[in-house]
Amino acid sequence: MSEGLRERKKRQTRQRISGVAIGLFVARGFDNVTIAEVAAAAEVSVNTVYNYFQTKEDLVLPPEEASPQRLADIVRERRAGQSAADAVLARLRREVRGRERRLGLSEGFGRVLEMMRAAPTLTARLERLAHQMTAELADLLVQETGAAPGDPLPRAVAWQLGSLHSMVMSEIGRRTAAGERPDVIADDVLELIDAAEELMGERLLGYAVREE
């Protein structure tokens, strides 16, 4: 279904508010900018900002891009015949090749990352998000495999895949902050993902294969 006029306007307003906010945060620091200042710069009311973003942190880490369900959703949407690990590996490769914004593989993201690292509430949220992603994935694997209560395998698999995701994000973040070009980072991260897959055993790569 095509996007209607109202939905398009709402999306554009949301993007404008977020873009203005991030520009202010990068220039002055996350903790030094108020929601009222964001609203004024975006030429909207404070209530409008809160209608689109429940918290100040959401302006930088919107839930649809930084969701605790991210890994679980990737596995939940896997195709028939694909395992949980295969789904995560394939999605990461696709996002890296596409230089997707959610990974930070875009020009100018280095300054945004520096701003985020300087804000304790944002760094704490990122750390919490990584733990939540792993926990949500473990819960999904328990449900899908019918694992017995106390079976450690779903948690172990989720931890391995969560660690892979964290490693990719950390590598991109470290090199982005160092000023390296997205294309160079992407090529090396794809090699890193390949190396990680080679180290995975058959039990992990073959775990939770979706039935035909």
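So, here is what we can say about the structure in this document. (Residues numbered from 1 in each chain as written. Predicted model: local features only at pLDDT ≥ 70, side-chain atom pairs only at ≥ 80, totals over all residues. Heavy atoms only, no water.)

Another aspect to go through is the overall build of the protein chain. For the protein chain, the count of helices and strands is 10 helices and zero strands. Starting at the N terminus and ending at the C terminus, the protein chain contains elements arranged as α-α-α-α-α-α-α-α-α-α. C-alpha extents for the protein chain along the principal axes are approximately 55 × 35 × 35 Å. Out of the 212 residues belonging to the protein chain, those deemed buried represent 41%. A total accessible area of about 11800 Å² is found for the protein chain, and carbon and sulfur atoms account for 50% of it. Computed over 30 positive and 33 negative side-chain charges, the inter-centroid distance for the protein chain is 5 Å. (Helix = DSSP H or I, 4+ residues; strand = E, 2+ residues; numbered from the N terminus. Buried < 20%, exposed > 50% of the residue type's maximum accessible area, 1.4 Å probe, protein only. Areas by Shrake-Rupley, 256 points an atom, 1.4 Å probe, with all protein chains shown as cover. Lys, Arg positive; Asp, Glu negative; His and termini not counted. Charge placed at Lys NZ, Arg CZ, Asp CG, Glu CD.)

Before going further, it helps to examine helix H2 (residues 35-42). One turn of an α-helix holds 3.6 residues; hence residues three or four places apart share an orientation. Within the span of H2, buried status applies to Ile 35, Val 38, Ala 39 and Ala 42. The arc that holds every buried residue of H2, seen down its axis, measures 100 degrees, which confines them to one face. On its buried side, H2 packs onto helix H1 (5-28) and helix H3 (46-52). Glu 43 occupies a position one or two residues after H2 and carries a positive phi of about 60 degrees. (Arc of directions from axis to C-beta. Contact = heavy atoms within 4.5 Å.)

Turning our eyes to something else, we now look at helix H9 (residues 182-199). Between its first and last C-alpha atoms H9 spans 26 Å; for 18 residues at 1.5 Å apiece the expected length is 26 Å, and the two agree. Listed in full, the buried residues belonging to H9 are Pro 182, Ile 185, Ala 186, Val 189, Leu 190, Ile 193 and Ala 196. The arc that holds every buried residue of H9, seen down its axis, measures 140 degrees, which confines them to one face. Of the exposed residues in H9, those oriented more than 90 degrees away from the buried face are Glu 191, Glu 198 and Leu 199. Along its buried surface, H9 packs onto helix H5 (84-97) and helix H8 (153-177). (Expected span 1.5 Å × (residues − 1).)

In this section: the layout of surface pockets. Considering only enclosed or pocket space, the largest pocket measures out at about 750 Å³ in volume. Lining of the largest pocket is provided by 29 residues; of these, Leu 61, Arg 102, Met 116, Leu 126 and Met 169 occupy positions nearest its centre. Elements with a minimum of two residues in the lining of the largest pocket: helix H6 (109-117), helix H7 (120-145) and H8. For the lining of the largest pocket, the residue count by class is 16 nonpolar, seven polar and six charged. Considering only enclosed or pocket space, the second largest pocket measures out at about 190 Å³ in volume. (1 Å grid on protein atoms, 1.4 Å probe; cavity = no way out; pocket = protein on both sides within 12 Å on 5 of 7 lines; lining within 4 Å. Points joined across faces, edges and corners; volume = space filled by probe spheres on them. Nonpolar A, V, L, I, M, F, W, Y, C, P; charged D, E, K, R; others polar.)

For the rest of this paragraph, the subject is the packing of H1 against H6. Between H1 and H6, the least distance of the axes is 9 Å, while the angle of their chain directions is 70 degrees. Classified by the angle between their axes, H1 and H6 sit roughly perpendicular to one another. Seen from H1, the contacting residues are Ile 22, Phe 25 and Val 26; seen from H6, they are Arg 111, Val 112 and Met 115. Each residue belonging to the contact of H1 with H6 can be placed in one class, and the counts come to five nonpolar, no polar and one charged. (Axes fitted to C-alpha atoms, helices over the stretch in contact; angles between N-to-C directions. Parallel < 35°, antiparallel > 145°, perpendicular 65-115°, else oblique.)

The biggest cluster of nonpolar side chains holds 61 residues, and the ones touching the most others in it are Phe 25, Met 115 and Leu 141. If you list the elements that add at least two residues to this core, you get H1, H2, helix H4 (70-76), H5, H6, H7, H8 and H9. Each residue touching Leu 141, except ones within four places of it in the same chain, is listed here: Val 75, Ala 84, Gly 146, Pro 154, Val 157, Ala 158, Tyr 207 and Ala 208. (Core = buried A, V, L, I, M, F, W, Y, C linked by side-chain atoms within 4.5 Å.)

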